[in-house]
Amino acid sequence: MTVPLLERIRTEIREEGPMRFDRFMALALYDEAEGYYGGGAGTRAGTEGDFVTAPTLTPWFGATVARFASAVWERLGKPDAWHIVEAAAGTGALAIPLLERLREEAPAAYGALRYTLVDVDPAHRDAARRGLQTHIEAGHVEVVETLPKSVGPTLVLANELLDNLPVRLLRRRAEAWWERLVALDDSKEQDVRFVWHEAPAPQDLIDQVESFGIPVPDGQLVEVPVGAEAWLQEITDKTEPPTFLLLVDYGEVARDLLGEPRPEGTLRTYSGHRKDLPVLEYPGSRDITTHVSWTAAARAAERLGWKVHGFATQSAFLRDLGLLQTAAGLAATVQDEAGMASLAALKEILLPGGMGEDVKVLCLERAVPQDGRLPGFSNVRPVDPRPRGD
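In this text the structure is predicted, and so the values were computed from the model without any measurement.

What counts as what
- Residues numbered from 1 in each chain as written.
- Predicted model: local features only at pLDDT ≥ 70, side-chain atom pairs only at ≥ 80, totals over all residues.
- Heavy atoms only, no water.
- Buried < 20%, exposed > 50% of the residue type's maximum accessible area, 1.4 Å probe, protein only.
- Helix = DSSP H or I, 4+ residues; strand = E, 2+ residues; numbered from the N terminus.
- Pairing = 2+ DSSP bridges.
- Contact = heavy atoms within 4.5 Å.

## A closer look at the pairing of strand β4 (residues 141-144)
Consideration 1: Side chains Val141 and Val143 project from β4 onto a buried face, and the interleaved Glu142 and Val144 project onto a face without burial.
Consideration 2: Pairing of strand β3 (residues 113-118) with β4 involves four bridges; the strand directions are parallel. What sits directly across from Val118, in β4, is Val144.

What follows is the structure in structure tokens.
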């Protein structure tokens, strides 16, 4: 009989002592039997799930990314064979409109393409296969559980993945750094709970945070993105240049993430569109996220041989690819409730003040032979800006 996840975590803490939070987060989200994403419990994103993403709000997001993908294919030299790998692809909400638009507007790029959707959740994979059946039958699409080895020109897509990768937690207090761990409160035999525990932080993590040169407020909780760094290493190991990597997620640059007072950091949970539920309760039952440190991601990628191609808000990225004109055209012709709902979704992902501004887009490239700015990044912002006042 399988031991429940809750008991397995409790046993590990009893036997080995307080657990690092990245270990707790990995088990809570990706345990094969009971993890939030690994347990096969069903669709997580969308209006019927626990949270929404740009692809689940509107197919126009995927259709617009198709224009970016077509430009990548051209920058790669219009190869006869190329690969798109979408990590954390979910049910295909991004891939379906992307492939439809690519087939319609760039048939040569579509004809040369092999598109691989990667997702750990078996329910997501099954739904993606149903939605992409015609493309699968045409030999252009495969749906898999783990990242494949990609040979040849490749574009890797990851929409709202980095925010779900495990982090370690550090708190600065009284000019010292402490690591926040997960321990047990077993004072009540019938109600053993997970509680926070602090221990002196390892010097390598302290050095990583202080390397940004940002004065961190006293009491600040800081997430160190060890999972994102490991994932970037895996992408590097499993792709061969020339390669582009497009990352889309909630986050900030280090200056804004570390310098603004955040006593509890950016650690959040989501369930049924409710957020900020207790992080340590019922592991496996709710999403756990943090804001991405784009500066940390860019630095980690550069150490692995990548170069920053561009960094922009989602709003700027989509507007540069023509979505604002599309929205204006729809607004001029909308006549019913469905049209109004479609327009509202476009406004949410496109306009400043909401997802359009909070979500950022980072494009990385590795050993791409041709120079030139890709559409989507005409107006770029610095991913590693100087601290304020410098």
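Still more ground to cover, so stick around.
## Focus on the environment of Leu29
Consideration 1: When you line up the elements, Leu29 lands in helix α2 (residues 21-30).
Consideration 2: For Leu29, a relative accessible area of 0% gives the class buried.
Consideration 3: Residues Leu29 and Gly39 lie ten residues apart in sequence; the distance between their C-alpha atoms is 8.7 Å.
Consideration 4: Dropping the residues within four chain positions of it, Leu29 is found in contact with Gly35, Tyr36, Tyr37, Gly38, Asn164, Arg286, Asp287 and Ile288.

## Brief notes about α2
Side chains three or four residues apart in an α-helix point the same way, a direct result of the helix having 3.6 residues per turn.
Consideration 1: The buried fraction of α2 amounts to seven of the ten residues, a majority that puts the element mostly inside the structure.
Consideration 2: Along α2, the residues classified as buried are Phe21, Asp22, Phe24, Met25, Leu27, Ala28 and Leu29.

## Some thoughts on the pairing of strand β10 (residues 243-252)
Consideration 1: Of all ten residues in β10, nine are buried, a share of seventy percent or more.
Consideration 2: One ladder, built from six bridges, connects strand β5 (residues 154-159) with β10; its direction is parallel. When the bridges of β10 are listed, Leu157 appears paired with Leu246.
Consideration 3: Here β10 runs beside strand β16 (residues 359-366); their pairing, made up of eight bridges, is antiparallel. Within β16, the position partnered with Val248 by the bridge is Val361.

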